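# Architecture and fold: a report
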Amino acid sequence: LKLKKLGKRVIFDSHEDVPKQTIAKPYLGPRRLAVIARFLSSFERYVCSRLDGVIAATPPIRDKFIDINLNSIDINNFPMPGELDGDVPWDRREAEISYVGWLTEERGVRELVTAMEYVSLDVRLNLVGNFDRPDFENEVKSLPGWQRVNELGFLDRRGVRETLDRSLIGMVTLRPLINYLDSQPVKMFEYMSAGIPVIASDFPLWQDVIEGNDCGLCVDPMKPESIAKAIDYLVGTP
């Protein structure tokens, strides 16, 4: 806003719906969350209505900003074609499934690791990424399902490709938080680009993408048994 007042041309690049993202942070407390979200929403509307344009990362975020600034468009953050294409034959892959991204409570990592307790086939889970909190890391590593986890840490793009190249399934079972319901996780499309089926949360938008295009299964992300059942099905029926 200061730049605009100085006569500059200013474009706001919105990767998230910030007020919704704020509501999804329970550690701030419900009253504080409501006040912060209302302030952010009002401030965002006040500022962005005065800027030259808005670029949004998803169509729903674009639609929100069109009501604020008519010069709003979406540029979706999809993988580059060919970057993650797999070349390992299916029958030579490992009995592994993979999750790539931040290892957080909100992204369903606890439920995913717990699901490994209920998977009946001999399958291991690759976790690619770093934990956001030491206390959450300690909690997850104390779960019985952790015995079936390969903790790979942060990997560069080559490492991600090599991991997906030997995997049978890509996991994106994020919790049903308001800022995830209409999101388009990059990892979902990375798995598709790598040519592996996806197990995703059963949000309506994600069901349209995954089940609507017959490239995976959608499950209740809060039920580890449902996640495990989907893993067994896809691994057992290649």
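Here goes a summary of the coordinates provided. Worth saying up front: this structure is predicted, and the values here are computed from it rather than measured.

Another point: the pattern of salt bridges. Enumeration according to the criterion identifies 18 salt bridges in this entry. Among the ionic pairs, E105 bridges to R175, the shortest N-O distance being 3.8 Å. Taken together, the residues E105 in the loop between β4 (96-100) and α5 (109-115) and R175 in the loop between β7 (169-172) and α8 (186-193) connect sequence positions 70 residues apart. Among the residues examined, E105 registers a relative accessible area of 23% and is labelled partly exposed. The closest approach of N and O atoms between E190 and R157, which form a salt bridge, is 2.8 Å. Taken as a pair, E190 in helix α8 and R157 in helix α7 (residues 157-165) lie far apart in primary sequence, 33 residues in all. E190 gets classed as buried once you look at its relative accessible area, which sits at 8%.

Strand order in this open sheet of six strands is β6-β5-β4-β7-β8-β9, and the pairing throughout is parallel. Of all strands in the sheet, those bounded by a partner on one side alone are β6 (149-153) and β9 (216-219). Averaged over all pairs of adjacent strands, the angle between their axes in this sheet comes to 20°, without regard to strand direction. Pairing of β7 with strand β8 (residues 198-201), which is carried by three bridges, proceeds in the parallel orientation.

Phi is positive for D214, which is not a glycine, with a value near 55°. On the secondary structure map, D214 appears in the loop between α9 (204-210) and β9. According to the relative accessible area criterion, D214 is exposed, its value standing at 71%.

Turning to the packing of aromatic side chains, a few remarks are in order. All told, the structure shown has six aromatic pairs when counted by the stated rule. With a centroid separation of 6.2 Å and 45° between ring planes, the pair formed by F131 and W146 is classed as tilted. On the criterion of sequence distance, the pair formed by F131 in the loop between β5 (124-128) and α6 (134-141) and W146 in the loop between α6 and β6 is long-range, its members being 15 residues apart. Owing to a relative accessible area of 13%, W146 belongs among the buried residues under this scheme. Through successive ring pairs, a cluster of aromatic residues spans F131, F136 and W146.

It is worth spelling out the layout of surface pockets at this point. Reported here for the largest pocket is a volume of approximately 1100 Å³. Around the largest pocket, the lining is made up of 41 residues, and of these E16, W102, R107, V186 and K187 lie nearest the centre. For the lining of the largest pocket, the elements supplying multiple residues, two or more each, are β2 (53-56), α7 and α8. Broken down by element, the lining of the largest pocket gets its largest block of residues, three residues, from α8. Of the residues assigned to the lining of the largest pocket, the class counts are 18 nonpolar, eleven polar and twelve charged. Looking at the second largest pocket, its volume works out to about 150 Å³. Around the second largest pocket sit L1, F12, V18, L40, F43, E44, V47, C48 and L51, which together line it.

What counts, and where the lines are drawn
Numbers given to residues run from 1 along each chain, matching the order in which its sequence is written. At least 70 in pLDDT is required for a residue's local features to be given in this predicted model, at least 80 for side-chain atom pairs to be given and counted, and no such filter applies to totals for whole chains, interfaces and linings, which use all residues. Excluding hydrogens and water, the side-chain figures rest on all heavy atoms present in the structure. By definition here, a salt bridge exists when the distance from a side-chain nitrogen of Lys or Arg to a carboxyl oxygen of Asp or Glu is within 4 Å. By definition, any uninterrupted DSSP run of H or I lasting at least four residues is a helix, any uninterrupted run of E lasting at least two residues is a strand, and each is numbered from the N terminus. Throughout, exposure labels follow a simple rule: accessible area from a 1.4 Å probe, protein chains only, divided by the maximum for the residue type, with under 20% read as buried, over 50% as exposed, and the rest as partly exposed. A pair of strands is treated as paired once DSSP finds two or more bridges between them. Axis lines are fitted through C-alpha atoms, for helices just across the contact stretch, and the angle between N-to-C directions can take any value from 0 to 180 degrees. Here a Phe, Tyr or Trp ring, Trp counted by its six-membered ring, pairs with any other such ring whose centre lies within 6.5 Å, and the pair is stacked when the planes are under 30 degrees apart, edge-to-face when over 60, and tilted otherwise. A cavity here means a set of points on a 1 Å grid, drawn over the protein atoms and nothing else, where a 1.4 Å probe fits but cannot get out; a pocket is an open set with protein on both sides within 12 Å along at least five of seven lines, and a residue lines either one if it has an atom within 4 Å of a point. Grid points are joined across faces, edges and corners, and a volume is the space filled by probe spheres set on the points. Residue type decides the class: Asp, Glu, Lys and Arg count as charged, Ala, Val, Leu, Ile, Met, Phe, Trp, Tyr, Cys and Pro as nonpolar, and the leftover types, Gly among them, as polar.

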